[in-house]
Amino acid sequence: MQGARRKIVYVTLYELFAIAISSTGLAAGSGASLEHAGVIAVASAVIAIVWNLVYNSLFERWEARQSVRGRGLGRRVAHAVGFELGFLVLLVPLFAWWFDIGLQHALVLEIGLALFFLLYTFVFNWAFDKVFGLPASALPLSETP
């Protein structure tokens, strides 16, 4: 499976599994019901998608103005850290308000969520590629469509 179809299936499955799993974790970490935590898990997924589009647009605009081109390790680390810090700024106050908890507790929930997504993304990508095959960009040249 390649192209737009692959991307749509990927995002749909990724977010559905992520919402189901993170709802459980957020409920356990906040003491809220699964339904209450599920609402914020869905909201977090929507915020993540929108933030990803906004952040990457801003980053690429900044990147285009730089005299040094390319994406070395430093730029990739800056990109990842900037994304996560921005996401943290968006979610911590939302978690505090939604679960009626302090900012420190909300920060702990967000850090737990970030650590979960680090492992989840790795495992999901590996499993997705095993089930659906590698994308064209990762296939050996002899196998590219």
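Report follows, based on the coordinates. Throughout, residues of each chain are indexed from 1 in the direction in which the sequence is written. Note on the predicted model: pLDDT of at least 70 is required for a residue's local features to be given, and 80 or more for side-chain atom pairs to be given and counted; whole-chain, interface and lining totals, by contrast, use all residues. Excluding hydrogens and water, the side-chain figures rest on all heavy atoms present in the structure.

What follows concerns the overall build of the protein. Counting secondary structure elements, the protein contains 4 helices and 0 strands. By definition, any uninterrupted DSSP run of H or I lasting at least four residues is a helix, any uninterrupted run of E lasting at least two residues is a strand, and each is numbered from the N terminus. Listed by position from the N terminus, the elements making up the protein come as α-α-α-α. Dimensions of the protein, computed from the C-alpha atoms along their principal axes, are close to 55 × 40 × 20 Å. When the 145 residues of the protein are sorted by exposure, 27% land in the buried category. Contacts are residue-level and defined by heavy atoms, with any inter-residue pair within 4.5 Å sufficient. Restricting the contact set of the protein to residue pairs at least 6 apart, pairs at least 24 apart contribute 57%. Looking at the protein as shown, the accessible area adds up to about 9400 Å², and 71% of this sits on carbon and sulfur atoms. Exposure classes here rest on a 1.4 Å probe applied to the protein chains alone. A residue is buried below 20% of its type maximum, exposed above 50%, and partly exposed in between. What sets the accessible areas is the Shrake-Rupley method with a 1.4 Å probe; for residues, cover comes only from the shown protein chains.

Next up on the list: the pattern of salt bridges. A side chain with one charge can pair with a side chain of the opposite charge if their charged atoms come near. The term salt bridge refers to a pairing of a side-chain nitrogen on Lys or Arg with a carboxyl oxygen on Asp or Glu at a separation within 4 Å. Inspection of the entire model under this criterion finds 4 salt bridges. Measuring nitrogen to oxygen at the nearest pair gives 4.0 Å for the salt bridge that ties Glu60 to Arg71. Here Glu60, found in helix α2 (residues 34-64), pairs with Arg71, found in the loop between α2 and α3 (73-99); they are 11 residues apart in sequence, far enough to count as distant. Where Arg75 meets Glu63, a salt bridge forms, and the shortest distance between an N and an O atom there is 3.8 Å. Taken together, the residues Arg75 in helix α3 and Glu63 in helix α2 connect sequence positions 12 residues apart. What you see here is one network of salt bridges that share partners, running through Glu60, Glu63, Arg71 and Arg75.

Below, the discussion takes up the nonpolar core. Residues belong to one nonpolar core when they are buried, are Ala, Val, Leu, Ile, Met, Phe, Trp, Tyr or Cys, and are joined through side-chain atoms within 4.5 Å. Core analysis: the largest hydrophobic core is formed by 20 residues, its most contacted members being Leu26, Phe95, Phe99, Ala106 and Leu109. Where this core is concerned, the elements lending two or more residues are α1 (3-30), α2, α3 and α4 (103-132). Not counting residues up to four positions away in its chain, the partners in contact with Phe99 are Leu26, Ser30, Ala32, His36, Ala37, Ile40 and Leu109.

What follows concerns α3. The end-to-end C-alpha separation of α3 is 37 Å, in line with the 39 Å expected for 27 residues at 1.5 Å each. Restricting attention to buried positions, one finds in α3 the residues Arg75, Phe83, Gly86, Phe87, Leu91, Val92, Phe95, Ala96 and Phe99. Residues of α3 that are buried make contact with α1, α2 and α4. By this rule the span expected of a helix is its residue count minus one, scaled by 1.5 Å.

To continue, consider the packing of aromatic side chains. Each aromatic pair joins two rings of Phe, Tyr and Trp (for Trp, the six-membered one) with centres within 6.5 Å, and gets the label stacked for planes under 30 degrees apart, edge-to-face for over 60, and tilted for any other angle. For the coordinates displayed, the defined rule picks out 21 aromatic pairs. Centroid distance Tyr10 to Phe128: 5.2 Å. Interplanar angle 85 degrees. Geometry classified as edge-to-face. Residue Tyr10 is located in helix α1, and its partner Phe128 is located in helix α4; the two are separated by 118 residues in the primary sequence. Owing to a relative accessible area of 4%, Phe128 belongs among the buried residues under this scheme. By the ring-pair criterion, three or more aromatic residues cluster together here, those being Tyr10, Tyr14, Phe17, Phe116, Phe117, Tyr120, Phe124, Phe128 and Phe132.

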